[in-house]
Amino acid sequence: METRQLEYFVAVAEELSFTRAAQRLFATQSTVSATIRALETDLGATLFDRSTRRVALSTAGALFLPAAKAALESVERAREVVQQASAGLRGSLRIGTLTSMNAFDLPVLLGAFHRRHPLVDLHLTVSLTGSSGLADDVRHGGLDVALLGLSRAELGGLDATQLASVPYYAVLPDSHPLAGREQVRLPELDGELFVDCPRGFGNRLAVDREFAALGLTRRVTAEVADLRTVPRYVAAGLGVAVLPGTARLDHPGVVSIPLADTSLTWPLTVVVSAKRPSSQALRTLLDLFVAAAAEGDITEF
């Protein structure tokens, strides 16, 4: 059994498509198919149920997948040990982050990491599915580490370190009856139309949960994936918003007002898998994030 066979098997298992797996591996589909057939012959088992319309893991394939991933991770750790001994920190890191997060200067930190450890390949992904999508990607091995904003109760299967806690604001049209207030209570927004991020985004989950706990109704009529654009929709009169100060909330025609009588905050958290051991490169990057938070390099609105 070869490492390449395991890599091809994991790619097909995750993509459930020989075509997409070939594209991901920069290989031809015939090469991927032949490699999987050779692996199945070696194992004496069928790993995929194939049809003209779909590819699915067989029972044997589903059982083999975690073992194959573990074997590849062991090979990668062994390779890292040798490479680090001979030429310093090496490896690759798949990093996930949110579409808008001015509270954490990720480009500056990753740039500093790259200068210190140029032999570590960094692959940055910006999630369009919010914090929930990032958390799932880390759990399932699609990412090594992610910066997100979910409560502790939503971080099962992950090792999490909170880096900051950011307050929420009511974002209102400047013509709104509450626009002149110094603080706004959530019950005062009961019955309003809302602009917010889609379901699955950490800030949306937190605000929905807070309104439900207060027995309040909330109707979201406009959903946008980029937090930075929400104030523009508020200014256009499509509703009000309750947002964390992780992006600039000022925009012509809107006001942002602190919330009163609530403990609602947005947690900036860095997460890794609780089941997979962290590489030296990953541990070094985590240390950099924690040090930046301790030194106050994380800003709020």
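The structure this text deals with has already been given above.
Attention here is on the structure that accompanies the text. Treat the numbers as computed from the prediction; the structure is a model and nothing was measured.

### Observations regarding the overall build of the chain
- Helix and strand content of the chain: nine helices and 12 strands.
- Overall size of the chain, expressed as C-alpha extent along the three principal axes, is 70 × 50 × 30 Å.
- Out of the 301 residues in the chain, the part that is buried amounts to 45%.
- In the chain, 72% of the contacts between residues at least 6 apart in sequence involve partners at least 24 apart.
- Summing over all exposed atoms, the chain offers an accessible surface of approximately 14800 Å²; the carbon and sulfur share of this is 51%.
- In the chain, 29 side chains carry a positive charge and 33 a negative one; their mean positions are 6 Å apart.

### What to know about the nonpolar core
- Among the nonpolar cores identified, the biggest contains 53 residues, and Leu189, Val242 and Leu285 are the most heavily contacted of them.
- Residue contributions to this core peak at eight residues, all from strand S6 (residues 158-173).
- Among all residues touching Leu285, those that are not within four sequence positions of it are Leu93, Ile95, Leu110, Phe113 and Val145.
- Membership of the second largest hydrophobic core comes to 20 residues, among which are Tyr8, Phe18, Ala22 and Val55.

### Let's talk about the pattern of salt bridges
- Within this structure, the stated rule accounts for 17 salt bridges.
- Between Arg139 and Asp136 there is a salt bridge, with the nearest N and O atoms lying 2.8 Å from each other. Within this pair, Arg139 and its partner Asp136 are both found in helix H6 (residues 130-139), separated by three residues, close to a single helical turn.
- For Arg139, a relative accessible area of 27% corresponds to the partly exposed category.
- Between Arg218 and Asp208 there is a salt bridge, with its nearest N and O atoms 2.8 Å apart. Remark: Asp208 occurs in helix H7 (residues 202-213) and Arg218 occurs in the loop between H7 and strand S9 (219-223); sequence separation between them is 10 residues.
- One network of salt bridges, in which partners are shared, links Asp196, Arg199, Arg204, Asp208, Arg218 and Glu223.

### Digging into the packing of aromatic side chains
- Summed over the entire model, instances satisfying the criterion amount to four aromatic pairs.
- For the pair Phe9 and Phe64, a centre-to-centre distance of 5.0 Å together with 50° between the ring planes defines the contact as tilted. Residue Phe9 is located in helix H1 (residues 3-15), and its partner Phe64 is located in helix H4 (residues 59-87); the two are separated by 55 residues in the primary sequence. For the pair Phe9 and Phe64, one class covers both residues: buried.

Conventions and cut-offs
- Residues numbered from 1 in each chain as written.
- Predicted model: local features only at pLDDT ≥ 70, side-chain atom pairs only at ≥ 80, totals over all residues.
- Heavy atoms only, no water.
- Helix = DSSP H or I, 4+ residues; strand = E, 2+ residues; numbered from the N terminus.
- Buried < 20%, exposed > 50% of the residue type's maximum accessible area, 1.4 Å probe, protein only.
- Contact = heavy atoms within 4.5 Å.
- Areas by Shrake-Rupley, 256 points an atom, 1.4 Å probe, with all protein chains shown as cover.
- Lys, Arg positive; Asp, Glu negative; His and termini not counted.
- Charge placed at Lys NZ, Arg CZ, Asp CG, Glu CD.
- Core = buried A, V, L, I, M, F, W, Y, C linked by side-chain atoms within 4.5 Å.
- Salt bridge = Lys/Arg side-chain N within 4 Å of Asp/Glu carboxyl O.
- Phe/Tyr/Trp six-rings, centres within 6.5 Å; stacked < 30°, edge-to-face > 60°.

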